[in-house]
Amino acid sequence: MLKALSEQVKVSDVKTLSIMTTNLATAGMQIGKQTTYLRKTSVTTGNTTTGAEPVQSLEPGEITTGTNINIMPKILEGNEKMMLTMMMDISSLNRLRRIENRNKTESIEAPDTDSRSIPQRVWLKPGETVLMSGFEQNIQDGSQQGVGSSRYFLFGGGRSGKSKKESFVITITPLLR
């Protein structure tokens, strides 16, 4: 199946995971990416009598995006047929917004994400494969550098970016042991 898909489009990443569960017990898996951002800044004022200067501290935050799948099998008597109830959550990071205070002396980053939840229910025989497709996301990545501003090309300023589209195909083959 994956060979047929790779002949149609460029396959760049294949992940194979095995999970184990019992009848009517949920099993989950997550394929994700963690991104660290600046959640909070704070300034501790210095002691004026001792001459201590104010200290700025930065608090990082972390956001996890990707694909999260929870699967619950219901096996019928005789082990000849099963129902898989699945909940898929797919999230992606659009960008990290910079938010400044009024004086523009402090700033934080705020993640903007997209999220989709897709419930699925299928009936299968053990060993059969269900193929789910149609999951797509656009990924944009950019950076900027420079002294003062990225617009000042004479001082090493510059911007770069790229955009790509990813499509996900998920196959699930339940086996009884």
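Residues numbered from 1 in each chain as written. Predicted model: local features only at pLDDT ≥ 70, side-chain atom pairs only at ≥ 80, totals over all residues. Heavy atoms only, no water.

Undergrad: Is there a simple way to think about the side chain of T41 in this case?
TA: Its place among the elements puts T41 in strand 1 (residues 27-44). Among residues more than four places away in sequence, those in contact with T41 are Q56, S57, L58, E106, S107 and I108. (Helix = DSSP H or I, 4+ residues; strand = E, 2+ residues; numbered from the N terminus. Contact = heavy atoms within 4.5 Å.)

Undergrad: Even after reading the chapter, I still don't get the nonpolar core, so can you show me in this structure?
TA: Inside soluble globular proteins, nonpolar side chains tend to come together where they are buried. If you look at the biggest cluster of nonpolar residues, it comprises 13 residues, and the most contacted ones within it are L84, M86, M132 and I172. If you list the elements that add at least two residues to this core, you get strand 2 (55-75), strand 3 (82-100), strand 4 (107-124), strand 5 (130-145) and strand 6 (158-172). Take this core: its biggest share by element is four residues, from strand 3. Not counting the four nearest positions on each side in its chain, M86 is found in contact with N70, I71, I118, P119, Q120, V122, M132 and I172. (Core = buried A, V, L, I, M, F, W, Y, C linked by side-chain atoms within 4.5 Å. Buried < 20%, exposed > 50% of the residue type's maximum accessible area, 1.4 Å probe, protein only.)

Undergrad: Quick question: what am I supposed to make of the sheet that holds strand 2 here?
TA: Working definition: the strands of a sheet are paired by backbone hydrogen bonds and lie parallel or antiparallel to each other. Taken in spatial order, the four strands of this open sheet run 1-2-3-4, and their pairing is antiparallel. The open sheet is flanked by strand 1 and strand 4, the only strands paired with a single partner. Direction aside, the axes of adjacent strands within the sheet are offset by 15 degrees on average. Pairing of strand 1 with strand 2 involves 17 bridges; the strand directions are antiparallel. Following the sheet pairing, G32 is matched in strand 2 by G66. (Pairing = 2+ DSSP bridges. Axes fitted to C-alpha atoms, helices over the stretch in contact; angles between N-to-C directions.)

Undergrad: What should I look at first to understand the pattern of salt bridges in this one?
TA: Between side chains of opposite charge, a pair can form when the charged atoms approach closely. The final tally for this structure, using the stated rule, is four salt bridges. Linking D112 and R97 is a salt bridge whose minimum nitrogen-to-oxygen distance equals 3.1 Å. Here R97 lies in strand 3 and D112 lies in strand 4, a separation of 15 residues in the sequence. The shortest N-O distance in the salt bridge between E100 and R98 comes to 3.4 Å. Look at E100 and you get partly exposed, because its relative accessible area is 38%. (Salt bridge = Lys/Arg side-chain N within 4 Å of Asp/Glu carboxyl O.)

Undergrad: Looking at this model, I keep getting lost on the pairing of strand 2. Mind explaining?
TA: Along any regular strand the residues' side chains alternate between the sheet's two faces. Pairing between strand 2 and strand 3: 10 bridges, direction antiparallel. Looking at the pairing, P73 lines up with L84 of strand 3. Two successive antiparallel strands, strand 2 and strand 3, enclose a turn made up of six residues, where G78 displays a positive phi of approximately 90 degrees.

Undergrad: Quick question: what am I supposed to make of the confidence of the model for the chain here?
TA: Mean pLDDT over the chain stands at 82; residues scoring 70 or higher make up 79%. Within the chain, strand 2 carries the highest mean pLDDT (92), whereas helix 1 (residues 2-8) carries the lowest (59). (pLDDT = per-residue confidence, 0-100.)

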